[in-house]
Amino acid sequence: MSATLSLDQARRIALAAQGLHKGRPTGPVTARTVGRTFARLQLVQIDSVNVLVRSHFLPFYSRLGNYDRDILQRMSASHPRRMFEYWAHEASYIRPEHYQDLLLWQKRAWVGASRMDPVLRDDVAARILAVLARSRPMTASELTARIGHVEEKQADNWGWNWNAVKRVLEHLFEAGLVSAASRTGQFERRYTLTSKVLPDAAAAAGEKDPEAALRRLTDAAAQAHGIGTIRCFADYFRTPVKATALAVEHLVEQGRLEPVTVAGWNRKIFRHVDSLLPRRATGRALLSPFDSLVFERRRLSELFGFHYRIEIYTPEPNRRFGYYVLPFLLRDRIVARVDLKADRAAGRLLARAAFAEPDAPADTAVELAAELKLMGQWLGLPDVEVGPAGDLAARLAQELARP
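Residues numbered from 1 in each chain as written. Predicted model: local features only at pLDDT ≥ 70, side-chain atom pairs only at ≥ 80, totals over all residues. Heavy atoms only, no water.

Considering unusual backbone geometry
Right, so step 1: Across the junction of His79 and Pro80, the peptide omega takes the value -10°, indicating a cis bond.
Right, so step 2: As for its placement among the helices and strands, Pro80 is situated in the loop between helix 4 (70-77) and strand 3 (84-88).
Right, so step 3: Not every positive phi belongs to a glycine, and Glu90 is a case in point at roughly 60°.
Right, so step 4: Counting through the fold element by element, Glu90 comes out in strand 4 (residues 90-94). (Helix = DSSP H or I, 4+ residues; strand = E, 2+ residues; numbered from the N terminus.)

Next up, the structure:
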C-alpha cells in the first residue's frame, strides 16, 4: 500500500526539495553555497524583464538572502562552467550534465529558420560557424555586421522581427552547435561554438538513448519537486507528458519514486526517494514570478491553494494585482503578493501594491516588511516605499515606518 500524507506534509516536502523550508544562512554566502543551491534546483529560468532585477538572480536571493550576483556571472560565463544556458523550462540556466539529455527532447518549431529559403539558411549558417570558429563570442548584431549580411527590415512582429542571422543563430543554438558564452549588459546573448563553452559536449554527442535521457531528466525534476504528479515532473524541463509517464513507471520500478496518497490532492502523486519531510517549515521568501516553486500553476493551486498569473502582458486597466507581482512565502503557506519595482535612480524599492491572502496570519505585514528591507539592502535600494493599492498596503507601510 502507498503511504498517505496530509497536504501540510506534502507542502513541507516540496519546500524542503526547493530549499525553502528553513531560514537563510547567517554567514557570508560563498560560491560553494550558491552552487549547492543551483544543484538542488537543477535549473533557473531566464527572462529579460528587469523592472526589479533579472529573474535568474531572484531564486538565489529567495533561498540565500544577500549574496553577490557576480557569483552567477562567474558560474555561467567562466570555465569550468557550472551553469549553462539552454532551453528547459523556457530559456534557462541548466546544470551542464543535463545538456545532452535536453538536446534529445527540446524541439521548438517557433525559432523560424525552417521558414527561410534553405539556400539562404545554409549559407548564413556556414558563414556564422566559420566566423565563430576563429573569433571571440559575438552578439547577433555583431555577427550580422561581421558576415556582411544585409536585408530589408521586417515589420510583421513575428519572431521579434529577427533578421536571418538571428533566426539561424537560434536554430544553431537549439541544435547544439552554438551556445551562449555570456550575456551583455542589455541581456543579449554572446554566441560561440558549443565546443568552446562545453568541451566535453562533443565527446558525448554520440550517446543518444532518448529513453535513458528522459529518465534522468524526470529523476532530476522529481528531486527538485520532492513530490508531485507526472504533469509536475514533465513541466520542469518541458518534456512530453506521455513519455514522462513511462519514465515515471521505470523510476517507480527502480525504487527512485514511490507512489503516495495526499489528502486533498486527488491525482496520482509520487514522492522521490531522496526527499525530506521536515517537522515544520520556518522559511520566509519573496519568490520570482519565474521561480521553480511556482512554475506549474495547477500544482501551485492544488498544493498551496494559491491562484497566480503573471500580468505583465495584461493591459494596465485590466490588471488585478500589478505588473511584476511576487508571491510571499511565509513558513509553509503563500500568504501575500506584492508588486515590486526598482527605482534605481532614486535608490528606492517600490512596493506599488500589496495584497494579503484570505487566510494570511497576523504577522504577515511584519514579516513582509522585514523581507522588503532585506531585499532593498541586497539591491542597493535602502529606501522602501509602499503605494496605496492593496488591502495589505497600509499595514505594510506602518511596519516599514517603525524604527
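There's more to say after this.
A short note on helix 1 (residues 7-17)
Right, so step 1: Counting buried residues along helix 1, eight of its 11 residues qualify, which places the element largely inside the surrounding structure.
Right, so step 2: The complete set of buried residues in helix 1 reads Ala10, Arg11, Arg12, Ile13, Ala14, Leu15, Ala16 and Ala17.
Right, so step 3: Residue Gly19 follows helix 1 closely and has a positive phi angle near 70°. (Buried < 20%, exposed > 50% of the residue type's maximum accessible area, 1.4 Å probe, protein only.)

Thoughts on helix 8 (residues 164-175)
Right, so step 1: With 12 residues, helix 8 should cover 16 Å at 1.5 Å per step; its first-to-last C-alpha distance of 16 Å lies within 8% of that length.
Right, so step 2: Counting buried residues in helix 8 gives 10 out of 12 residues, a clear majority hidden from the surface.
Right, so step 3: Those residues of helix 8 not exposed but buried are Ala164, Val165, Lys166, Arg167, Val168, Leu169, Glu170, Leu172, Phe173 and Glu174.
Right, so step 4: Packing partners of the buried residues in helix 8 comprise strand 3, helix 5 (99-103), helix 6 (118-134), helix 7 (140-146), strand 5 (178-183) and strand 6 (189-193).
Right, so step 5: One side-chain oxygen of the residue at the start of helix 8 lies 3.2 Å from the amide nitrogen of Val165, identifying that residue as Asn163.
Right, so step 6: Within two residues after helix 8, Gly176 carries a phi angle of roughly 90°, on the positive side. (Expected span 1.5 Å × (residues − 1). Contact = heavy atoms within 4.5 Å. Polar contact = N/O pair within 3.5 Å; in protein donor to acceptor, adjacent residues only side chain to side chain.)

Regarding the side chain of Thr192
Right, so step 1: Note on placement: Thr192 falls in strand 6.
Right, so step 2: Excluding residues within four positions of it along the chain, Thr192 makes contact with Leu132, Pro137, Leu177, Val178, Ser179, Ala181 and Val197.

Regarding the sheet that holds strand 4
Right, so step 1: Ordered in space as 2-4-3, the three strands form an open sheet in which the pairing is antiparallel. Looking along the sheet, the strands with just one partner apiece sit at the ends: strand 2 (43-45) and strand 3. On average, each strand axis in the sheet is tilted by 40° relative to the strand beside it, whichever way the strands run.
Right, so step 2: In terms of strand pairing, strand 3 meets strand 4 through five bridges, oriented antiparallel. The partner of Ala88 across the bridge, within strand 4, is Glu90. (Pairing = 2+ DSSP bridges. Axes fitted to C-alpha atoms, helices over the stretch in contact; angles between N-to-C directions.)

Let's talk about the pairing of strand 8 (residues 257-262)
Right, so step 1: Pairing of strand 1 (residues 3-5) with strand 8, which is carried by three bridges, proceeds in the parallel orientation. Within the sheet, the bridge partner assigned to Thr4 lies in strand 8 and is Thr261.
Right, so step 2: Here five bridges tie strand 8 to strand 9 (residues 265-272), and the two strands are oriented antiparallel to one another. Across the sheet, the residue bridging to Glu258 is Arg271, located in strand 9.
Right, so step 3: Between strand 8 and strand 9, which pair antiparallel one after the other, the connecting turn spans two residues, and Gly264 there sits at a positive phi close to 90°.

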